[in-house]
Structures are given as C-alpha cells and as structure tokens.
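# Notes for the structure review
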Amino acid sequence: MAATPELQQTVGKTASFSGTALHIGEKVTLKLHPAPVDHGIKFRRKDLQDEPTIDARIENLKTVERATTIGEGSVRVHTVEHVLAALSAMGVDNAIVEMDANEPPIGDGSAQAYVDLIKKAGVIAQEEPRKFFNVRDTMHVESKTGALIVLLPDDKFRISCTQAGPNNRFAQFLSMEVTPAGFEREIAPARTFVFYEDVKPLMDKNLIKGGSLENAIVVRGDAVLSKEPLRFADEFVRHKILDIIGDLALVGRRIRGHVVAVKPGHAVNADLARAITREQSRRSAVATPRTVPSGDGGLDIDQVMQILPHRFPFLMVDRIISFETETKCVGVKTVTINEPFFQGHFPGHPVMPGVMQVEAMAQVASILLFKLAKTTSRIGYFMSADEVKFRKPVLPGDTIFVHAELTKSRGERLAKAKCHCVVNDAIVSEAELMFTFLDK
Ligand SMILES: [Zn+2]
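Reference entry: report on the structure contained in this document. Keep in mind that this is a model prediction, so the values were computed, not measured.

## Regarding the side chain of Thr-69
The residue Thr-69 is located in strand β7 (residues 69-72) in this model. The buried category is assigned to Thr-69, whose relative accessible area is 5%. There is a polar contact of 2.9 Å between the side chain of Thr-69 and the side chain of His-78. Once residues within four sequence positions are removed from consideration, Thr-69 is found in contact with Asn-60, Leu-61, Lys-62, Thr-63, Arg-76, Val-77, His-78 and Thr-79.

Here is the structure:
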C-alpha cells in the first residue's frame, strides 16, 4: 500500500494585521492571501507602483545581516524569516504576503502574530501533492565564525540546535520534530534576542528605529532585559530554530531531513538553503536523457532475456549498452516507482533495496560469463559477494549503470567479477562477486 501523498496547502481566506516595521519604525499592514498550487510564497509590495511581487526563493536572497532580505530588481523586502517560518511550519505552501511597506510588522519579535494570522485565515488542502527534498547524503555548511549545520537523512523534518552567546553565555540545546502543533506551542512564541555588545553600534547609528524591549530581548552581561519575563528558560535556542525554519523555507520544498545546527545564524542558514537548492537541481538534471546505444555495441532486452533465465519481477537488467573487451561491460537498469519492491521498501519512502543492486551486478556479470563461455548450456551460479558497499540510496527515477569486469577465473569452474553501480556519475554501490559454473 502506498501512503497517501501529502497535499499542498494554502490559506482559506484573506486575513490581515498591522504593526510596526522594525527598521523603519513605521506602521505597516500585512495581508495574507490564498494562492493556487505550485505558486509558492510570494511577497507583494502594495505601496509601490504596479505592486511588484518577490518570490520567497533562495535565488532572490540579498542580504543576511541580522535579518533575511529578499529582492528582485530594485525591489526589496526585509526581515522575512519569521513570517516564512510561520507559513512553512504551519503547513502553508502557497500564499501571497502583501505589505504596504518594505518589511512585515515585527510584532513582539516572535512568530506568534503570524501564527495567529494563519489560524485566522485557516489552512486548506489543495489538489496537488507537496514537493519534498529528501536528504540522501549528509550535507554540511560552516562559517568562519564557528557556525555549523549538518543535514542528515531522516523521514521527518527535525531540528537539533545548540545556541551560545559571546563567551558561551546562555548555552542552550533543543531537539524537535517540526510539526504545526509543536511549532505553535514550542517555537512560535520565542522572541528575537540580541546581545547588547552586538546591538549598541546599531542603536548609535539609529539603524533600528522600531526596535525596543517590546520586540526583542536584550542581553547585557548576565542580565536579560525584556518587557515581559522569558517565555521559556531556553527561549534563545527556540528562536534560533524559528530562524532556521524561516530561512530554509526559501528552498521552496518541504525538507525530509535532520538539521543539526551549532550557533547558527542567517548567513549559514542561507548557505544550507543554497546547498539544498543546488543538490535539488543536480537531481532534476538526472532526468536528462542520456544516449543509450543499442544494436551491435550491446544487447537489447530480447538478447538479454535469451541469455538470462530471470523474469519479472527479478530481471534487473534492461539493456547492455557496451562491451569493452571480452571481460568488461556496462548494463542499464532504469528504476521506476512501479518496481514491486517499492511497495514495502518503504511505504511513503521508496528506496531500492541494496540486495537488488547486488542482484543487478550479478546478472550483468553473468552475461559476461555467458559471452565468454559462448554457450548457454552451462549456467553460472552466484556463490559469494565480498566488499559489498552501499554508498547512496537509489530512488525511483534513477538510471543505474551497472559496470562489471571479470577479474579472475580459476580453471573452468570459478570466476570473479568486480562490479559497481553508478547513478548520476556517482557510485551508489559496489561488490566483488564469485561465480561457479555448472552444466544445465
Ligand atoms: Zn529571528
């Protein structure tokens, strides 16, 4: 049974609220509008001529100093991370965020006001499935200032974050799965915090006109200055998680993976969003058709089936594309979602079993053995597999190039083959296989 796909969501109706913009200190009204499937999140500047929109995508990221700014052409919107965090975590994939200034109302420095707004508008399912980024390999980004993020495979979206201020003051750690309910309860109320030594120069330059203890916690030495007491003993790390969610929303896909962050900031968050987007476009490029020769150089499926006795669902070679000398060849296996093993391996999270890749290697190697023996009256039995390594997951849509080379044959009875599987120019698995020959 395949799991029901998660559907894209938008808001049920337009809803709005007003407040102060942090950097300019003026009143701003933010309106959240529903949007069609595959629209993503776009910001609209209602105060400008022609009301330009900006896609909330990493390609449009402009600056990450203290807040995340996106822009297209000369149009900018600042401090988008909290509203994006709320939309992403509350499950809104498609929406227009309309503002009559270059910045959303800051509220109390948390994402609470945006969560309230989203709940006022309601969240409704749409007719298209969601797009995901499934982490296949561990990725990492780091900065010279000691920020580090590692992204690990996971079938949920999780964040584990360590935060520490100057001289490791207020070191805090929290790990959680990001869900709408968990975000609303644990993360959304966590407010922006600043260390006095960081913010003093900005206050001197009058760069944060709307800033006050109403919308940020100020830490001076060991003292915490804020309008109301801390909402959580570890409020700072919670706000860091909020910022990570908001900055990673710029990927434009739901992430299935575990973010492990140490002293993160907008810059390193944005670096991760960029790395994910690069990896995603690299994967999409896998779909580019390759010229797979047929005819004299290789064997088509009829010829493969004349040699191999295997049949559905166990035939793991679609074609042999080339023979390089008598002892070396390359076969192709196109992996589709229709493979029977995907139903159980795993529901909602299809990964090709490694043993099936070993089987594909064995079948391609068998073809070499038959070619060499020039007879189909003897059959090669697969005896052992050594040095088996599974390096990367193989997913539906991948084309596996199965390389096999006969390295040794002892007498008439034994043969050894070195094999590896390649997807998108990267080795996904490898093995050394041993065969014995028996008369049919
Ligand atoms: Zn923030």
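On we go.
## Thoughts on the pattern of salt bridges
Here the structure, examined in full by the defined rule, presents 26 salt bridges. The shortest N-O distance in the salt bridge between Lys-131 and Asp-38 comes to 2.8 Å. In this pair, Lys-131 is assigned in the loop between β10 (123-129) and β11 (132-134) and Asp-38 in the loop between β3 (27-34) and β4 (41-45), connecting sequence segments 93 residues apart. With a shortest N-O distance of 3.0 Å, Arg-185 and Glu-186 are connected by a salt bridge. By relative accessible area, Arg-185 is classed as exposed at 52%. On the accessibility criterion, Glu-186 (24% relative accessible area) is partly exposed. In the salt-bridge network here, residues are joined through shared partners; they are Glu-6, Asp-93, Arg-130 and Arg-254.

## Here we look at helix α3 (residues 180-187)
Within α3, the full set of buried residues consists of Gly-182, Phe-183 and Ile-187. One side of α3 holds all its buried residues, which, seen down the axis, span an arc of 100°. Considering only its buried residues, α3 is in contact with α1 (81-89), α2 (112-121), β15 (172-177) and α5 (235-248).

## Brief notes about the coordination of the zinc ion
Ideal geometry at a metal gives 109.5 degrees between four tetrahedral donors and either 90 or 180 degrees between six octahedral ones. For the zinc ion, the protein coordination sphere consists of His-82 (NE2), His-239 (NE2), Asp-243 (OD) and Asp-243 (OD), at 2.1 to 2.7 Å. Sequence positions of the residues that donate to the zinc ion give the spacing H-x156-H-x3-D. Of this pair, His-82 sits in helix α1 while His-239 sits in helix α5, and the two are 157 residues apart along the sequence. We note that His-82, like His-239, is buried.

## Some remarks on α2
Within the span of α2, buried status applies to Ala-113, Tyr-114, Val-115, Leu-117, Ile-118 and Ala-121. Contacts made by the buried residues of α2 are with β1 (7-11), β2 (15-20), β3, α1, β10 and α3. Of the residues trailing α2, Gly-122 is marked for its positive phi of about 80°.

## Brief notes about unusual backbone geometry
What is expected of a backbone is that most residues other than glycine have negative phi and most peptide bonds are trans. Omega for the bond connecting Phe-312 with Pro-313 falls within 30 degrees of zero, at 5°, which places this linkage in the cis form. Tracing the sequence through the fold places Pro-313 in the loop between α7 (301-307) and β20 (319-324). Residue Phe-346 is reached from His-345 by a cis peptide bond, and omega for that bond is 0°. Along the chain, Phe-346 turns up in the loop between β21 (328-334) and α8 (354-373). One non-glycine residue with positive phi stands out, namely Asp-38, at about 60°. The phi dihedral of Glu-387 is positive, around 50°, even though this residue is not glycine. Within the secondary structure layout, Glu-387 lies in strand β22 (residues 378-390). We classify Glu-387 as partly exposed; its relative accessible area is 49%.

## Quick look at the environment of Glu-326
Inspection of the secondary structure puts Glu-326 in the loop between β20 and β21. Residue Glu-326 is classed as partly exposed on the basis of its relative accessible area, which comes to 42%. When the C-alpha atoms of Glu-326 and Phe-17 are compared, they prove to be 73 Å apart, with 309 residues separating the residues in sequence.

## Thoughts on the pairing of β20
Taken together, the five bridges between β20 and β21 define a ladder with antiparallel strand orientation. What sits directly across from Arg-319, in β21, is Val-332. In sequence, β20 turns back onto β21 through a hairpin of three residues, with Thr-325 there showing a positive phi of about 60°.

## Here we look at the sheet that holds strand β16 (residues 193-195)
Read from one edge of the open sheet, three strands run β16-β17-β18, paired in mixed fashion. Two strands close off the open sheet at either side, each with one partner strand: β16 and β18 (223-225). Here the average twist between neighbouring strands, direction ignored, is 25°. In the sheet, β16 pairs with strand β17 (residues 217-220) via three bridges, with the strands oriented parallel. Within the sheet, the bridge partner assigned to Phe-195 lies in β17 and is Val-219. Against the sheet, helix α4 (residues 196-204) touches β16 and β17, its axis set at about 90° to β16.

Reading guide: rules and limits
- Residues numbered from 1 in each chain as written.
- Predicted model: local features only at pLDDT ≥ 70, side-chain atom pairs only at ≥ 80, totals over all residues.
- Heavy atoms only, no water.
- Helix = DSSP H or I, 4+ residues; strand = E, 2+ residues; numbered from the N terminus.
- Buried < 20%, exposed > 50% of the residue type's maximum accessible area, 1.4 Å probe, protein only.
- Polar contact = N/O pair within 3.5 Å; in protein donor to acceptor, adjacent residues only side chain to side chain.
- Contact = heavy atoms within 4.5 Å.
- Salt bridge = Lys/Arg side-chain N within 4 Å of Asp/Glu carboxyl O.
- Arc of directions from axis to C-beta.
- Donors = N, O, S within 2.8 Å, 3.2 Å for Na, K, Ca; no water.
- Pairing = 2+ DSSP bridges.
- Axes fitted to C-alpha atoms, helices over the stretch in contact; angles between N-to-C directions.

None of the figures reported here should be taken as evidence of function without further support.
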